[in-house]
Amino acid sequence: MTFPDKQYLQKKVTELSHGDEAAFRYLFEYYYRDVQAYSIRFVKDNAFAEEITQDVFVKLWTHRENLKAELSFEAFIFTITRNMCFNFLKKAAHERKLATKIFLNEWTESTSSDYNLIDLEYEQIGQRAVKNLPPRCRQVYNLSRNQGKSYDEISDELGISPNTVKNQMSKALGLMRDFLTANSDIVFLLLASFCLS
């Protein structure tokens, strides 16, 4: 298949939104391999990725009237894929046999470069989480975690009670946990919860 320009793809999306089956087939053939490859990145299993990919295109056809040609179709279809992968992984986390298959594959098939990318991603997300803290929480967190100071030392340095330091630290950790849950990749959150359970 040749690589179409943006206008041509928009035309096909418009045609699909009006129920054109030929446009659907074109978009299916054009995006199928990419959607499948994207699914495999999450679920680490060809059969599960195939099932998710089929479901993505079923959903695309079912909701075709909601498509807007002026919006990014690629972003739309990969958002659907990501959401379906997340739903699958949530289900897998509650089914021990399925979880073992999925998450064992994640660990055994990953290379050291994969782990380096994961570490880098978490480091960047962690830095964003700290930056989003209220000023006092951020100050207490940095003194405790980055400078290794005790609550009493932080109390003396900032002129606040040790109990206030403890409360600010607790608040900081709670806010960071919320931020990480909302922003980090659910695959790795599930991996962590599975491996620590």
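First, a word on what this report is: a plain description of the structure on this page. Treat the numbers as computed from the prediction; the structure is a model and nothing was measured.

Here is what the cut-offs are and how they apply
Residues numbered from 1 in each chain as written. Predicted model: local features only at pLDDT ≥ 70, side-chain atom pairs only at ≥ 80, totals over all residues. Heavy atoms only, no water. Helix = DSSP H or I, 4+ residues; strand = E, 2+ residues; numbered from the N terminus. Buried < 20%, exposed > 50% of the residue type's maximum accessible area, 1.4 Å probe, protein only. Contact = heavy atoms within 4.5 Å. Areas by Shrake-Rupley, 256 points an atom, 1.4 Å probe, with all protein chains shown as cover. Axes fitted to C-alpha atoms, helices over the stretch in contact; angles between N-to-C directions. Parallel < 35°, antiparallel > 145°, perpendicular 65-115°, else oblique. Left-handed = near helix turned anticlockwise from the far one by under 90°. Expected span 1.5 Å × (residues − 1). Salt bridge = Lys/Arg side-chain N within 4 Å of Asp/Glu carboxyl O. Core = buried A, V, L, I, M, F, W, Y, C linked by side-chain atoms within 4.5 Å. Phe/Tyr/Trp six-rings, centres within 6.5 Å; stacked < 30°, edge-to-face > 60°. Lys NZ or Arg CZ within 6 Å of the ring centre and 35° of its normal. Polar contact = N/O pair within 3.5 Å; in protein donor to acceptor, adjacent residues only side chain to side chain.

### Observations regarding the overall build of the chain
A count of helical and extended segments in the chain gives 10 helices and zero strands. Moving toward the C terminus, one meets the helices and strands of the chain in the order α-α-α-α-α-α-α-α-α-α. In the chain, buried positions account for 39% of the 197 residues. Counting contacts in the chain only where the partners sit at least 6 residues apart, residues at least 24 apart contribute 64% of the total. Per element, the accessible surface of the chain, about 12,100 Å² overall, is 52% carbon and sulfur.

### Comments concerning the packing of helix α1 (residues 6-17) against helix α2 (residues 21-43)
Contact geometry of α1 with α2 gives a least axis separation of 8 Å together with a crossing angle of 130 degrees. On the basis of their axis angle, the class for α1 and α2 is oblique. Crossing of α1 over α2 shows left-handed handedness. Listed contacts from α2 to Y8, L9, K12, V13, E15 and L16 of α1 are A23, F24, Y26, L27, Y30 and Y31.

### Here we look at helix α3 (residues 46-62)
Between the first and last C-alpha of α3 there are 24 Å, a value that for 17 residues agrees with the 24 Å anticipated at 1.5 Å per step. All of the buried residues in α3 are F48, A49, I52, T53, V56, F57 and L60.

### Some points on the pattern of salt bridges
Summed over the entire model, instances satisfying the criterion amount to three salt bridges. The residue E15 makes a salt bridge to K11 at a minimum N-O spacing of 2.7 Å. With a gap of four residues between them, E15 and K11 both fall in helix α1, about one helical turn apart. Among the residues examined, K11 registers a relative accessible area of 45% and is labelled partly exposed. Linking K149 and E157 is a salt bridge whose minimum nitrogen-to-oxygen distance equals 2.4 Å. You can call K149 partly exposed: its relative accessible area is 25%. Residues joined by salt bridges that share partners form a network here, namely K11, K12 and E15.

### Examining the nonpolar core
Counting 30 residues, the largest nonpolar core has L27, Y31, V43, F57, L60, F73 and I77 as the members making the most contacts within it. By residue number, the principal contributor to this core is α2, which donates 10 residues. I77 has contacts with Y31, V35, V56, F57 and L60, leaving out every residue within four places of it along the chain. By size, the runner-up hydrophobic cluster in this structure holds 15 residues, among which are L133, V140, Y141 and I154.

### Side note on the packing of aromatic side chains
Taken as a whole, this structure holds 12 aromatic pairs when the rule is applied. Ring centres of F24 and F28 lie 6.2 Å apart, and the angle between their planes is 40 degrees; on these two criteria the pair is classed as tilted. One end of the pair is F24 and the other is F28, both in helix α2 and four residues apart, which spans about a single turn. With relative accessibility at 17%, the residue F24 sits in the buried group. A ring pair is formed by Y30 and Y31, whose centres lie 4.9 Å apart and whose planes are at 85 degrees; its orientation type is edge-to-face. Of the residues examined, Y31 reaches a relative accessible area of 3% and is grouped as buried. Lying across the ring of Y26, K12 places its NZ or CZ 5.6 Å from the centre. Note that R64 overlies the ring of W61, its terminal NZ or CZ placed 3.9 Å from the centroid.

### Overview of the side chain of Q36
In this structure, Q36 sits in helix α2. There is a polar contact of 2.6 Å between the side chain of Q36 and the side chain of E50. Not counting residues up to four positions away in its chain, the partners in contact with Q36 are A49, E50 and T53.

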